[in-house]
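Now for the letters of each chain:
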Amino acid sequence: MHAQRRCPTWVVVIATTSTVAVWARRRIETFQPGCGFVPVVIGPEEVPRITDIEAARAQPELAVLSAVMHGRGEDGPAIALAALEATRSLDSERRHLYTDLTFGSVHRVARAALEAIMAERGYEPLTEE
């Protein structure tokens, strides 16, 4: 991208676990002495746990990222529900993508409960898993 567009370029790593985030933050040595490279890493610690539906509606993409990062935790169902509610007002393409990402980010038991809630609201997932 840097060479094609001739613009500043960042490498951003989205790490869904703290272990991967720590690993991804390690300096990568380059062939230029003294010029190591460290990507920008967004891990679970940098993403808030959004359970408030109004806060989720104000920033739906952040709410979905919150579900991706924290959906398997103790408060995962509440985070996922907030993210699902936040996506309801989005265009169809983003709504389906974000909803499927959210469903894929929670445990199976929580997913079943969320699917029941969303079925009442007329949602049909685009993917099987």
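This text follows the structure it describes.
Residues numbered from 1 in each chain as written. Predicted model: local features only at pLDDT ≥ 70, side-chain atom pairs only at ≥ 80, totals over all residues. Heavy atoms only, no water.

Considerations on the overall build of the protein
Next, step 1: Of regular secondary structure, the protein possesses seven helices and two strands.
Next, step 2: Ordered by position in the sequence, the α and β elements of the protein form the string α-β-α-β-α-α-α-α-α.
Next, step 3: On C-alpha atoms alone, the protein measures out to a radius of gyration of 18 Å, which is more than a quarter above the 14 Å that the 2.2 N^0.38 rule sets for 129 residues.
Next, step 4: The buried share among the 129 residues of the protein stands at 32%.
Next, step 5: With the model as given, the accessible surface of the protein reaches about 8,600 Å², and the carbon-plus-sulfur share is 57%.
Next, step 6: Taking the average place of the 14 positive charges on the side chains of the protein and the average place of its 17 negative ones, the gap between the two points comes to 7 Å. (Helix = DSSP H or I, 4+ residues; strand = E, 2+ residues; numbered from the N terminus. Rg over C-alpha atoms; globule rule 2.2 N^0.38 Å. Buried < 20%, exposed > 50% of the residue type's maximum accessible area, 1.4 Å probe, protein only. Areas by Shrake-Rupley, 256 points an atom, 1.4 Å probe, with all protein chains shown as cover. Lys, Arg positive; Asp, Glu negative; His and termini not counted. Charge placed at Lys NZ, Arg CZ, Asp CG, Glu CD.)

Looking at the side chain of Arg-111
Next, step 1: By the element assignment, Arg-111 lies in helix α7 (residues 108-120).
Next, step 2: A relative accessible area of 14% places Arg-111 in the buried class.
Next, step 3: Within the structure, the side chain of Arg-111 is placed 3.0 Å from the backbone oxygen of Phe-103, a separation counted as a polar contact.
Next, step 4: A polar atom in the side chain of Arg-111 sits 3.4 Å from the backbone oxygen of Val-106. (Polar contact = N/O pair within 3.5 Å; in protein donor to acceptor, adjacent residues only side chain to side chain.)

Some points on the packing of helix α5 (residues 76-87) against α7
Next, step 1: Relative orientation of the contacting elements α5 and α7 amounts to 30°, with a least axis distance of 10 Å. One element, α5, and the other, α7, form an angle in the roughly parallel class. Seen along the crossing, α5 lies across α7 with a hand that is right-handed. Taken together, the residues of α7 that come into contact with α5 (itself represented by Pro-77, Ala-80, Leu-81 and Leu-84) are Ala-110, Leu-114, Ile-117 and Met-118.
Next, step 2: Taken together, the residues of the contact of α5 with α7 break down into eight nonpolar, no polar and no charged. (Axes fitted to C-alpha atoms, helices over the stretch in contact; angles between N-to-C directions. Parallel < 35°, antiparallel > 145°, perpendicular 65-115°, else oblique. Left-handed = near helix turned anticlockwise from the far one by under 90°. Contact = heavy atoms within 4.5 Å. Nonpolar A, V, L, I, M, F, W, Y, C, P; charged D, E, K, R; others polar.)

Some words on unusual backbone geometry
Next, step 1: Despite not being glycine, Arg-6 shows a phi value in the positive range, around 55°.
Next, step 2: Its relative accessible area of 76% is what places Arg-6 among the exposed residues.

Looking at the packing of helix α4 (residues 60-70) against α5
Next, step 1: It is at 8 Å that the axes of α4 and α5 come closest, and there the two elements cross at 155°. The pairing of α4 with α5 is recorded here as roughly antiparallel in orientation. Remark: the crossing between α4 and α5 carries left-handed chirality. Of the residues in α5, those touching α4 at Pro-60, Ala-63, Val-64, Ser-66, Ala-67 and His-70 are Gly-76, Ile-79, Ala-80, Ala-83, Ala-86 and Thr-87.
Next, step 2: Residue classes in the contact of α4 with α5 are distributed as eight nonpolar, four polar and no charged.

A few points about a nonpolar patch on the surface
Next, step 1: Where nonpolar side chains cluster on the molecular surface, the patch consists of Trp-10, Val-12, Ile-14 and Val-40 and spans about 410 Å² of accessible area.
Next, step 2: Assignment of secondary structure puts Val-12 in strand β1 (residues 12-14). (Patch = residues over 30% accessible without salt bridge, like charges linked within 9 Å, V, L, I, M, F, W, Y side chains within 5 Å. Salt bridge = Lys/Arg side-chain N within 4 Å of Asp/Glu carboxyl O.)

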